[in-house]
Amino acid sequence: MSGPGLLRVPLGSIAAGVIALPPEAASYVVRVHRLREGDRFVVFDPELGVEADATLESIGRRSAEARIDAPRPAALRPGRRVTWIQAVGKGDKMDAVVRDATELGATRIIPAISARSVARPAEDRSQRWRRIAVEAARQCGRGDAPRVDAPMSLAAALGAAQATLEGGALGMCLDPYAETPLGARLAALTPGMEAAFAVGPEGGFTPEELGICAALGFERVRLGALTLRTETVCAAALGALIAVSDARAG
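Here we summarise the structure given alongside this text. All values reported here derive from a predicted model rather than from experimental measurement. (Residues numbered from 1 in each chain as written. Predicted model: local features only at pLDDT ≥ 70, side-chain atom pairs only at ≥ 80, totals over all residues. Heavy atoms only, no water.)

Re the nonpolar core
Where a protein is soluble and globular, its nonpolar side chains tend to be buried together. As a reminder of what qualifies: For the purposes of this section, nonpolar cores are sets of buried Ala, Val, Leu, Ile, Met, Phe, Trp, Tyr and Cys residues that join through side-chain atoms within 4.5 Å. Each residue is assigned to one of three classes by its accessible area relative to the maximum for its type, calculated with a 1.4 Å probe on protein chains only: buried under 20%, partly exposed between the two thresholds, exposed over 50%. Helix numbers and strand numbers start at the N terminus; a helix is a DSSP run of H or I with at least 4 residues, a strand a run of E with at least 2. Contacts between residues were defined by any pair of non-hydrogen atoms, one from each residue, lying within 4.5 Å.
By size, the foremost hydrophobic cluster in this structure holds 28 residues, and its most contacted members are Trp 84, Met 172, Phe 197 and Leu 238. When residues in this core are grouped by element, the largest group, five residues, is from helix H7 (residues 230-249). Ignoring anything within four residues of it in the chain, the contact list for Leu 238 reads Val 82, Trp 84, Ala 101, Leu 104, Ala 106 and Phe 197. One finds Leu 11, Ala 25, Val 29 and Leu 35 within the second-largest nonpolar core, a separate group that totals 19 residues.

Right under this line is the structure:
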């Protein structure tokens, strides 16, 4: 069985048996972490949320083989489905949001282009964000990684999450000028109930965009009296969600 502190390695299509590790995984295990033959580690499939114990069997000049034990459901996966819609900000701010959202249990991340978004990332940018999500999952011990959509318009992002809301999820639009505090809405969450959040860019959503959010079931809520940076909101809101969920579970 896997134990605390064992190296975790993302690997697709996990099956029992001896396999040649993909070049990137082999380099990561042997050259970065310097594992030796007989050392144990854990492989996990971030797409399917399964994992397995593994033993490094042999090391070649540019290759490595590992014995994979029987796959099992990943031990650590989010207890509820959470969609995070983030209006893309400047620079690498979205990288930080993807990392935080993954570590704090988001199951889907939708980068959105809003009226005040300065950045206009290409669709293939989502491949980089997916890699960041997988690495964040590895670091925090999570057995899966969130789905990361290609950048889309805010209206399309809200529409993509609308089916979730129609299924009974709680939708929230983070707005520092909202009257309702986030905690009051989180109090309405029941165990396993899905949640969806929408967050604007540096300048926030326009009044028209706030209206669209409301029309599609995203209630305006605020995170205290202070105005947070757009890349900080994710950690604060999802941290609050975890605190509320853990308190009820305990």
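Thoughts on the pairing of strand S5 (residues 64-68)
For clarity, the threshold we go by: Only when DSSP finds a minimum of two bridges between them are two strands counted as paired.
Because side chains alternate across S5, one face comprises the buried residues Ala 64, Ala 66 and Ile 68, and the other comprises Glu 65 and Arg 67, none of which is buried. As defined by bridge partners, strand S2 (residues 17-20) adjoins S5 across four bridges and the pair is classed as antiparallel. Each residue of the ladder has a partner; that of Ile 19, found in S5, is Ala 66. As defined by bridge partners, strand S4 (residues 50-59) adjoins S5 across five bridges and the pair is classed as antiparallel. Across the sheet, residue Ala 54 finds its bridge partner in S5, namely Ile 68. Between S4 and S5, which pair antiparallel one after the other, the connecting turn spans four residues.

Here's the deal with the side chain of Arg 142
Filter applied, for reference: Nitrogen and oxygen atoms within 3.5 Å of one another constitute a polar contact, given that in protein one can donate a hydrogen and the other can accept it, and given that sequence-neighbouring residues count only through two side-chain atoms.
Mapped onto the fold, Arg 142 is located in the loop between helix H3 (125-140) and strand S9 (147-148). A polar contact is formed between the side chain of Arg 142 and the side chain of Asp 144, at a distance of 2.6 Å. Not counting the four nearest positions on each side in its chain, Arg 142 is found in contact with Arg 8, Phe 44, Leu 76, Pro 78, Ala 101, Thr 102, Gly 105, Ala 106, Thr 107 and Ala 137.

Digging into the pattern of salt bridges
We count it as follows: The term salt bridge refers to a pairing of a side-chain nitrogen on Lys or Arg with a carboxyl oxygen on Asp or Glu at a separation within 4 Å.
One pass over the structure, following the stated rule, counts 17 salt bridges. In this structure, the salt-bridge partner of Glu 231 is Lys 93, at a minimum N-O distance of 3.8 Å. Note that Glu 231 is positioned in helix H7 and Lys 93 in helix H2 (residues 93-103), a separation of 138 residues in sequence. Taking relative accessible area as the criterion, Glu 231 reaches 15% and is therefore assigned buried. Close ionic contact of Glu 219 with Arg 185 constitutes a salt bridge, the shortest N to O distance being 2.7 Å. With Glu 219 in strand S13 (residues 219-221) and Arg 185 in helix H5 (residues 182-186), this pair connects stretches of sequence that are 34 residues apart. Taken together, the shared-partner salt bridges in this structure form one network comprising Arg 8, Glu 51, Asp 53 and Arg 72.

None of the figures reported here should be taken as evidence of function without further support.
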